[in-house]
Amino acid sequence: MAFPRVAGHPALDLVDTVHWRLDPQRAIDTLRDFDDVVSWCHQMDVGATPPSTRAALSAADAVTAAREHRAVVALREAVYEAVFQQSSAAADLIAREHVDALARSSLGFDEPASAWVWVPPADLSGPRAAIAMSAHGLLTSDLTTARQCADDACGWVYLDRSPRRNRIWCTAAGCGNRNRVARHQAKRKA
């Protein structure tokens, strides 16, 4: 499965793994299990352990994999609530997960970047650690450009980096086009 990459930050792309967030009848969670979490991390370049290694680990310890999946989903929802509802409880969860992630990670030197970087653990908690670090990075950055799609049902979120800061749709080709067509048809009927 290809996950959407429209938000401008991995932690917000994680939030966008819920399609039709604002319409409970159509809502789809694309992070169905731990393997989806691993696939998402691999696609978004979040975390270091290859998916094949994590898949083998998750098969060996299904209980831990299920627990890690639930923890990642909780982190995803905390990002949404902290950024778009200013929930201090959600921000506290992200802070606790970040501290825990740092405690379980190690520093490694990244030659191309010529910098020290945090390397998440190579066990089943690795994706959660990498996501917690990304979420903390988002929360401690400038959130004035954080937006939610103007579509009534979509719910995808993004950083508005348009030149005039007037982006209202998650994607122009998706929600933007669908809403423009609906507006046009409504005018024609009137």
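Residues numbered from 1 in each chain as written. Predicted model: local features only at pLDDT ≥ 70, side-chain atom pairs only at ≥ 80, totals over all residues. Heavy atoms only, no water.

- Per an unreviewed UniProt entry, the recorded name for the protein chain is Zinc finger CGNR domain-containing protein, and the organism is Microbacterium arborescens.

### Description of a nonpolar patch on the surface
- On the surface, Leu107, Phe109, Trp116 and Trp118 cluster together to form a nonpolar patch covering roughly 480 Å² of accessible area.
- Mapped onto the nonpolar patch, the elements with two or more residues apiece are β3 (106-110) and β4 (115-119).
- By secondary structure assignment, the location of Trp118 is in strand β4. (Patch = residues over 30% accessible without salt bridge, like charges linked within 9 Å, V, L, I, M, F, W, Y side chains within 5 Å. Areas by Shrake-Rupley, 256 points an atom, 1.4 Å probe, with all protein chains shown as cover. Salt bridge = Lys/Arg side-chain N within 4 Å of Asp/Glu carboxyl O. Helix = DSSP H or I, 4+ residues; strand = E, 2+ residues; numbered from the N terminus.)

### A short note on the pairing of β3
- Two strands pair when backbone bridges link them, and β3 and β4 are joined in this way by five bridges, in the antiparallel orientation. Across the sheet, the residue bridging to Asp110 is Ala115, located in β4. (Pairing = 2+ DSSP bridges.)

### A closer look at the nonpolar core
- Among the nonpolar cores identified, the biggest contains 33 residues, and Leu12, Leu31, Trp40, Val46, Val79, Ile94 and Ile131 are the most heavily contacted of them.
- For Trp40, the residues in contact, after removing those within four places along its chain, are Phe3, Pro10, Asp13, Leu14, Thr17, Leu31, Val46 and Ile131. (Core = buried A, V, L, I, M, F, W, Y, C linked by side-chain atoms within 4.5 Å. Buried < 20%, exposed > 50% of the residue type's maximum accessible area, 1.4 Å probe, protein only. Contact = heavy atoms within 4.5 Å.)

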